[in-house]
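Listed below are the residues making up each chain.
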2 protein chains.
Amino acid sequence: MKYVRHARCVRCGAIYEAVPALTTCRCGGILDIEYDYEAIRADFSPADLDGCRDYSMWRYRPFLPVEDGSPPTPLRVGWSPLYRADRLARTLGLRTLYLKDDGQNPTSSLKDRASAMAVVKAREAGADTIACSSTGNAASSLAGNAAAAGFHTYIFVPARAPKGKVAQLMIFGAAVITVDGSYEDTFALSKEAIDRWGWYNRNAAINPYLSEGKKTVTLEIMEQLHWQVPDYIALSVGDGCTIAGAWKGLKDLCAAGFIDRLPRLISVQAEGCCPLNRAIQTGEPWRPMEENTLADSIAVGVPRNADKALAAIRESRGLAVTVSDEEILDAMRLLGRTQGIFGEPAGVTGTAGIKKALELGLIDPDSTVVSVVTGNGLKDVQSGIRAAGEPMLVPPDMDALLSAFAQRRIAP
Amino acid sequence: MKYVRHARCVRCGAIYEAVPALTTCRCGGILDIEYDYEAIRADFSPADLDGCRDYSMWRYRPFLPVEDGSPPTPLRVGWSPLYRADRLARTLGLRTLYLKDDGQNPTSSLKDRASAMAVVKAREAGADTIACSSTGNAASSLAGNAAAAGFHTYIFVPARAPKGKVAQLMIFGAAVITVDGSYEDTFALSKEAIDRWGWYNRNAAINPYLSEGKKTVTLEIMEQLHWQVPDYIALSVGDGCTIAGAWKGLKDLCAAGFIDRLPRLISVQAEGCCPLNRAIQTGEPWRPMEENTLADSIAVGVPRNADKALAAIRESRGLAVTVSDEEILDAMRLLGRTQGIFGEPAGVTGTAGIKKALELGLIDPDSTVVSVVTGNGLKDVQSGIRAAGEPMLVPPDMDALLSAFAQRRIAP
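The rules behind each value
Residues numbered from 1 in each chain as written. Chains lettered and ligands numbered in written order. Predicted model: local features only at pLDDT ≥ 70, side-chain atom pairs only at ≥ 80, totals over all residues. Heavy atoms only, no water. Pairing = 2+ DSSP bridges. Helix = DSSP H or I, 4+ residues; strand = E, 2+ residues; numbered from the N terminus. Buried < 20%, exposed > 50% of the residue type's maximum accessible area, 1.4 Å probe, protein only. Contact = heavy atoms within 4.5 Å. Axes fitted to C-alpha atoms, helices over the stretch in contact; angles between N-to-C directions. Left-handed = near helix turned anticlockwise from the far one by under 90°. UniProt positions renumbered as here; feature names shortened; annotations may be inferred.

S.K.: Explain the sheet that holds strand β3 (residues 31-35) of chain B to me, and be specific about the residues and the numbers.
M.R.: By way of backbone hydrogen bonds, the strands of a sheet pair with one another, either parallel or antiparallel. Strand order in this open sheet of 3 strands is β2-β1-β3 (chain B), and the pairing throughout is antiparallel. The sheet is open, and its two borders are formed by β2 (15-16) and β3 of chain B, each paired with just one other strand.

Spelled out as structure tokens, the structure:
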């Protein structure tokens, strides 16, 4: 780890050696990995990436806290497409919109970036078992990435996790514990079990390396934009780890001279569960909320990475935008119909937030905005059907088809 | 279309100009696109691909029947990962196995390759509406790729199509007609409607360009293997279009001097619906069968592309291997647990066939085999749960967890 200096507590500033099994600070604060940016700047530039044919998150090795000899993970994680979304932009009345479809990762969510990192660090730590609690995507991505690399996994999910995510877990051979309770209950039981059995800990707010995996999403966005910094990057926010990781990637690029300014973040949460946005909007400390939204991946009433997430939003002079479940379902339809992207509810929440921010006049319609679609809609088919409805059913007969069309006022 | 010569009927040999809205021969035979391979060989070589940064199916333009000025499709289709699958190979007792995970395409199946081609050809034909019938994946891939490019779609699916595929269709804004009947009934009604309203036809056995899209899967496999030809390529087979397209890609590469020999194909069908394999095994003409398998994507009792598919299997001195639904479910578990890949039932049928062929002594364990995983398991979560079971449910309490572990003999 040539460029890694150490880990620093974001709360008390204490410094730790960056050993593979690092967790939180003695004070309870979350740790942040710090690099020697001058050395990165001296050794590594955008031109080096032009010749790199590794189209995965591991193309950014100098920015990642892994040993030089650590092999990459078996599944191809990262380098998801960044689409220029002119059809949706026109619909929203926005000049320039890009969509980063992170549902194209191996287990169909952005969480693969953190799980691939967890697998590498678990191997460096000499572990053979990895565990986590998750609302679903971190779980299935850990199970898939770990299975491919030969690790055992113990996974704790709340009972509300959608069937698609649970099916993935079971197929990947994880020991899955469905907890009859909230995400908060699930997290607490996983912590107790991890402490008891000494498994490698993939809880993203506990293990400081996981944000470093997640940050590759913004490293990629910036490379795909040829290092031209957009005005805003919109992300759905639950635990806070993803937006914190995205911000870390941007700051790293700035510190190493790859970009010369920073975009503003748009933190989008669901009305029914928005403790972080409420803290931003009121200026008060965050307080727990109920988990009352269909966007299960971001239904996190007690965000584990509040410190880093709030700092990221504030440092970026970011916006906190809150959307209803109806607005989330509307964004699912919009993304599907205009751009052919099927996102899960939390996956499209960032896009719902951009629409809302435009309606509220919070962002200039001439802005350039990037929205990260964090997970594939196939993970939660029920919400897809709820957003888009059921198809017409007809017997195999032309007259029946004609009358079904007439009834629905379809005129081919 | 500098390198396209014409289309030729595979049944009667009649030749047609390669206009965009080409369908079948007057004799009812399927058409095949023929190229000027000498010209391709003179202008284009593997070295040209080394410098190509377009990591999508469109990197193979000289091998594709599209106008020079036609823009690529909006969604990033192709360049799915090819994994060396040592863990699964060991489990199967096979020396070298590669897995091509085509479930990583934008709408999560190989069919995106054909649908992207359909969108380009529909645009060249001046159409604004595209239609197809499909067991599900062709439908959802057409709906997604067409939505992103601004086309209307009419899609006919049999009532048995899994919920995930139907949810995709609805989100992508297609006019979806669920036909209360078999795939055969669905196909017939779609044909009548397409004839009546003059929509652009994306039925893969009717439109000769679609195999040309599908063939990019073998173009990619060969480039990813650095043009080293494997002994076998295994594919699940329904309508016959995918295996025909895969074979066309290999023959094109051979004719253009990119590879110097051809692999043998392994055609894998489900016991409950195997008209093509039965024809290969008995040497008699194919006869319709019932559609009696959980692998819905290949449950095709009346294969529309039998001529090309049977020719491909025979020309390659291929194997026809038939597997039970139980063997398909077993392959789902195997791929998930050893390699972190979640395939839908038809998506893993090729892998099930490799296992069966090894057990029957049909292939040498020292062979190099490529298996194409044609679709993502998230499309059919019910089958995933059926393959892998339900997770344990516990209250948020350590004692409850301990007794759940004890009951299942899990010793962390």
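S.K.: So what about helix α6 (residues 163-171) of chain A? Which residues, and what values?
M.R.: In terms of residue burial, α6 of chain A counts as a mostly covered element, since 8 of its 9 residues are buried. Three or more residues of α6 of chain A are buried, namely G164, K165, V166, A167, Q168, L169, M170 and I171 of chain A. Against the buried residues of α6 of chain A lie α5 (137-149), β7 (152-158) and β8 (175-179) of chain A together with α13 (325-339) and α15 (381-388) of chain B. Positive phi shows up at G173 of chain A, right after α6 of chain A, with a value of about 80 degrees.

S.K.: Tell me about the packing of helix α15 (residues 381-388) of chain A against helix α6 (residues 163-171) of chain B, and please be specific about residues and values.
M.R.: Orientation of α15 of chain A relative to α6 of chain B, taken along the N-to-C sense of each, is 35 degrees, at an axis distance of 9 Å. As for the relative orientation of α15 of chain A and α6 of chain B, their crossing is left-handed in sense. Residues V381, Q382, G384, I385, A387 and A388 of chain A of α15 of chain A pack against K163, G164, A167, M170 and I171 of chain B of α6 of chain B.

S.K.: Tell me about the side chain of S297 of chain B, and name the residues and values.
M.R.: Looking at where S297 of chain B falls in the secondary structure, it is placed in the loop between α11 (275-282) and α12 (306-315). Not counting residues up to four positions away in its chain, the partners in contact with S297 of chain B are T135, N137, K165, E344 and A346 of chain B.

S.K.: Got a sec to walk through the UniProt feature "modified residue: N6-(pyridoxal phosphate)lysine" (unreviewed entry) in chain A? Specific residues and values, please.
M.R.: The residues that UniProt annotates with the feature "modified residue: N6-(pyridoxal phosphate)lysine" (unreviewed entry) are K111 of chain A. Relative to the helices and strands, K111 of chain A is located in the loop between β5 (96-101) and α4 (112-124).

S.K.: Got a sec to walk through the sheet that holds strand β4 (residues 82-84) of chain B? Specific residues and values, please.
M.R.: Residues and elements named next belong to chain B. On the basis of which strands lie adjacent, the open sheet formed by 6 strands has the order β4-β5-β13-β10-β11-β12 and mixed pairing. The open sheet is flanked by β4 and β12 (319-323), the only strands paired with a single partner. Put simply, the sheet's adjacent strands are angled 25 degrees from each other on average, direction ignored. Pairing between strand β11 (residues 264-270) and β12: 5 bridges, direction parallel. Opposite V268, over in β12, you have V321 as the bridge partner. On the sheet, helix α10 (residues 241-255) packs against β10 (232-236) and β11 and is oriented at approximately 170 degrees with respect to β11. Of the strands in this sheet, β5 (96-101), β10, β11, β12 and β13 (368-373) are in contact with helix α14 (residues 345-359), which crosses β12 at around 105 degrees.

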